[in-house]
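Fold and contact review
Each chain, written out:
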Amino acid sequence: MLQPTAFRARLQEPAIPSDPTTSQTSEQLPTYNAYSADGDVTAPLVYVNYGNREDYEQLDRLGISVKGAIVIARYGHGWRGVKPKVAAEHGAVGCIIYSDPKGDGYFEGDAYPAGGWRPATGVQRGSVMDTDYPGDPLTPGVGATANAKRLPLKEAKTLMVIPVLPISYADALPLLSALQGPVAPESWRGALAITYHVGPGPAVVHLQVSSNWDIKPVYDVIATLRGSKDAGQWVIRGNHHDAWVNGADDPVAGQAAMLEEARMMGELHRQGWTPARTVIYCAWDGEEPGLLGSVEGVETHLDELQKHAAIYVNSDTNERGFLSAGGTQDLQNFISGVAQAVQDPETHMSVYQRSHLHSISVAKNAEERSDLRKRHDIVLEALGDGSDFTAFQDHAGISTLDLGFGDEDDGSQYHSIYDDFHWYTQFVDTDFAYGRALSQTAGTAIMRFADADWVPVDYSPQAQAIEKYEADLEKLLKDKQDEFAERNLELQEGVFKATEDPRRPTVPPPAEQVPPYMNFAPMKNAIVSLKKSADRFSKALANYQAEGSPPLRAQELAPLNADLLRVSRLFLNQKGLPERPWFKNQIYAPGAYTGYGAKPVAAVREFMDEKKWTEAEAQVPQVSQVIENAAAGIDKAAQDFERAMAGRH
Ligand SMILES: [Zn+2]
């Protein structure tokens, strides 16, 4: 900081004497954001809260522009890469992101080393790669092999366009304290002992970022146990092995659990067990900068994977607490059955039961609670982006699960040097009991899936989920119509003018065009077919199981498995999403401005979020088409079952 006083940020996480790992500096990466632009900028500072699009609407109302400024945003409420992206779209020339103790530090619990929470000097590293496509910025859509055709650095679309740097709250405090201008709105205030101001200035900061742009190899480690019966059907399990620094929680807790599964399967194999399907264990590299190892691996082997892959099971971090599971809902019944068979290490109830009862306790309202009470399965939340499942689900159309335990750990050192063994064993999964639970859950899933006669999917939960995604789109439209109509009316009535403090005038929000009605009928009709096909399949399955029938014969299983393997691929559209063609899946995708979070039916939803109603409606028919295709694929699998059954009588 050059004005109003001079301050030089530390940009470093100091060693903590009681934690021996923190003094091992020789392999520590600096505190930085990968794929930030290089730059050297000096400008007044503006505080932008979380730095999301709605925060800039608030700034507009305060009459504050970030054009030519450096913004300071706090971590949280969305993916970090969105913060500099939106800042740049509003004309900012640099972006600083800091960890506020309110969401990530002493407000949550005692700071490390007294407790497990981020200390004043803790910094969250992380990628700020843009969201057009994940993986190597130089090789969109193709594997980054030695001889791949590479874009020149200048043409890579996913590099951040302004310099970005993450800092600790110790480094942020002098900067935020030096801001004047309006007091920040109440919801913008963190837990530092200051009055939060928005600026701009009088703080003026000098931000300089310069990175090493060399090309380096990443190493994926792949281990295969060839199936005895259906070697051409692949059951894939993965977790990344790279870390920002020490990475005890992210990713070693997940990686160690996965290696233990692999070790155990090797042991079983030596004792004579061989899975029916081929089992493939993957330790991915380069996940943290941008899912490099898994995306490039999937792109390199796309044809084989689309031909052979039956499932991908991912994990990443792991902590003490409840099982959380996300993924494609064709696996919902399957993973619920697995979770019923694994015991929670501390309460001794099943991990399913704990997870199910936990979901009731955190449900939003009575209706949601009553829905959950009728269920006997774990509701799989849709996945977007943010770990190594992304390419499998979003690009290759492979049924996907993401598993992990958490919620009862006492601290977070996300992407800091303090995420290490000393910290993890005191505050996170102190006796590794939940590491074992993850091994048991994912390992059981892999073994059951690999040995099942037919690919153990069921489509009714998926049809229900897709029906809900469509209903959410209609609700979003209705909410926006109501919101904008109300706003326009209040503008006409002069509500904003009358209620503002004349001595502190604000800018009224702009009038908005009320969205027209959209035609969702094609999607609703497609969902009717999907539900019908899913129902037919579930019935065929139930009939078969009810009769206690003898096992299906090889010549009956072969077409059934081939058809089942194909269904999840049918959710792809080769053109991809209209503004992000790498994302082929028309149901499961992340949002361009939400990062990790899923934005189901993104082709329609993204345009709606951009208030492009006509463009949104134009996407409905092709989304409907993939749903119709999936329905037909499920019908075919149901028919295989019915035919096999009929053959018995
Ligand atoms: Zn991770």
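Presented here is a report on the structure given in the accompanying data block. Bear in mind the structure is a predicted one, so any value in this text is a computation, not a measurement.

Before going further, it helps to examine the sheet that holds strand β6 (residues 164-167). Pairing within the open sheet is mixed, and its five strands lie in the order β6-β4-β3-β2-β7. Of all strands in the sheet, those bounded by a partner on one side alone are β6 and β7 (204-209). Each strand of the sheet is rotated relative to its neighbour by a mean of 35°, with strand direction disregarded. Sheet topology places strand β2 (residues 39-47) next to strand β3 (residues 70-74); three bridges connect them, and they run parallel. If you follow Y47 over to β3, its bridge partner there is I72. The strands touched by helix α2 (residues 82-89) are β3, β4 (94-98) and β6; relative to β4, the strand with the most contacts, the crossing angle is about 150°.

Where helix α14 (residues 460-493) contacts helix α18 (residues 602-609), the two axes come as close as 11 Å, and the packing angle between them is 10°. Considering the angle they form, α14 stands roughly parallel to α18. Between α14, through L473, L476 and L477, and α18, the contact on the second element is made entirely by V604, R605, M608 and D609. Class assignment for the residues of the contact of α14 with α18 results in five nonpolar, no polar and two charged.

Now for the coordination of the zinc ion. In ideal tetrahedral geometry, four donors around a metal make angles of 109.5 degrees, whereas ideal octahedral geometry with six donors gives angles of 90 or 180 degrees. Every protein donor of the zinc ion is accounted for by H240 (NE2), D250 (OD), D316 (OD) and D316 (OD), and the metal-donor separations fall at 1.9 to 2.7 Å. Coordination at the zinc ion is irregular, judged from the four donor atoms that bind it and the angles of 52 to 146° they form at the metal. Residue D250 is classed as buried on the basis of its relative accessible area, which comes to 6%.

Among the secondary structure elements, D402 is positioned in strand β13 (residues 400-407). Residues D402 and G201, 201 residues apart in the sequence, show an inter-C-alpha distance of 44 Å. Once residues within four sequence positions are removed from consideration, D402 is found in contact with N314, S315, S324, A325, G326, L383 and F389. Separated by 2.8 Å, the side chains of D402 and N314 make a polar contact.

This part takes up the environment of R566. With respect to the element layout, R566 can be found in helix α17 (residues 554-567). For R566, a relative accessible area of 41% gives the class partly exposed. As a C-alpha pair, R566 and W188 span 378 residues in sequence and 48 Å in three-dimensional space.

Attention now moves to the pattern of salt bridges. Applying the stated criterion across every chain yields a total of 34 salt bridges. As a salt-bridge pair, E261 and R237 come within 2.9 Å of each other at their nearest N and O atoms. Here R237 lies in strand β9 (residues 230-240) and E261 lies in helix α4 (residues 248-270), a separation of 24 residues in the sequence. Exposure class is identical for E261 and R237. Each is buried.

Our focus in this paragraph is the packing of aromatic side chains. The final tally for this structure, using the stated rule, is 19 aromatic pairs. Both rings, one in Y112 and one in Y418, keep their centres 6.0 Å apart while their planes meet at 50°; by these two values the pair is tilted. With Y112 in the loop between β4 and β5 (126-127) and Y418 in the loop between β13 and α12 (421-427), this pair connects stretches of sequence that are 306 residues apart. As far as burial versus exposure is concerned, Y112 and Y418 are alike and both buried. Arranged with centres 5.3 Å apart and planes meeting at 65°, the rings of Y459 and F537 form a pair that is edge-to-face. Taken together, the residues span a long stretch of sequence, with Y459 in the loop between α13 (433-451) and α14 and F537 in helix α16 (residues 521-546) at a distance of 78 residues. Relative accessible area serves as the criterion here: at 2%, Y459 is assigned to the buried category. An aromatic cluster is built from W454, Y459, F537, Y544 and F641, whose rings are joined through pairwise contacts. Over the aromatic face of Y593 sits the side chain of K85, whose NZ or CZ is 4.9 Å from the ring centroid. Lying over the aromatic face of F583, R580 brings its terminal NZ or CZ to 5.0 Å of the ring centre.

Across the interface, α16 lies against helix α19 (residues 613-648) with an axial gap of 8 Å and an inter-helix angle of 20°. Here α16 is positioned roughly parallel relative to α19, judged by the angle of their axes. Both α16 and α19 take part in a crossing whose hand is left-handed. Classifying every residue of the contact of α16 with α19 by side-chain character gives 20 nonpolar, six polar and four charged.

The rules behind each value
- Residues numbered from 1 in each chain as written.
- Predicted model: local features only at pLDDT ≥ 70, side-chain atom pairs only at ≥ 80, totals over all residues.
- Heavy atoms only, no water.
- Pairing = 2+ DSSP bridges.
- Helix = DSSP H or I, 4+ residues; strand = E, 2+ residues; numbered from the N terminus.
- Axes fitted to C-alpha atoms, helices over the stretch in contact; angles between N-to-C directions.
- Contact = heavy atoms within 4.5 Å.
- Parallel < 35°, antiparallel > 145°, perpendicular 65-115°, else oblique.
- Nonpolar A, V, L, I, M, F, W, Y, C, P; charged D, E, K, R; others polar.
- Donors = N, O, S within 2.8 Å, 3.2 Å for Na, K, Ca; no water.
- Tetrahedral: all angles 85-135°; square planar, octahedral: opposite > 155°, others 65-115°.
- Buried < 20%, exposed > 50% of the residue type's maximum accessible area, 1.4 Å probe, protein only.
- Polar contact = N/O pair within 3.5 Å; in protein donor to acceptor, adjacent residues only side chain to side chain.
- Salt bridge = Lys/Arg side-chain N within 4 Å of Asp/Glu carboxyl O.
- Phe/Tyr/Trp six-rings, centres within 6.5 Å; stacked < 30°, edge-to-face > 60°.
- Lys NZ or Arg CZ within 6 Å of the ring centre and 35° of its normal.
- Left-handed = near helix turned anticlockwise from the far one by under 90°.

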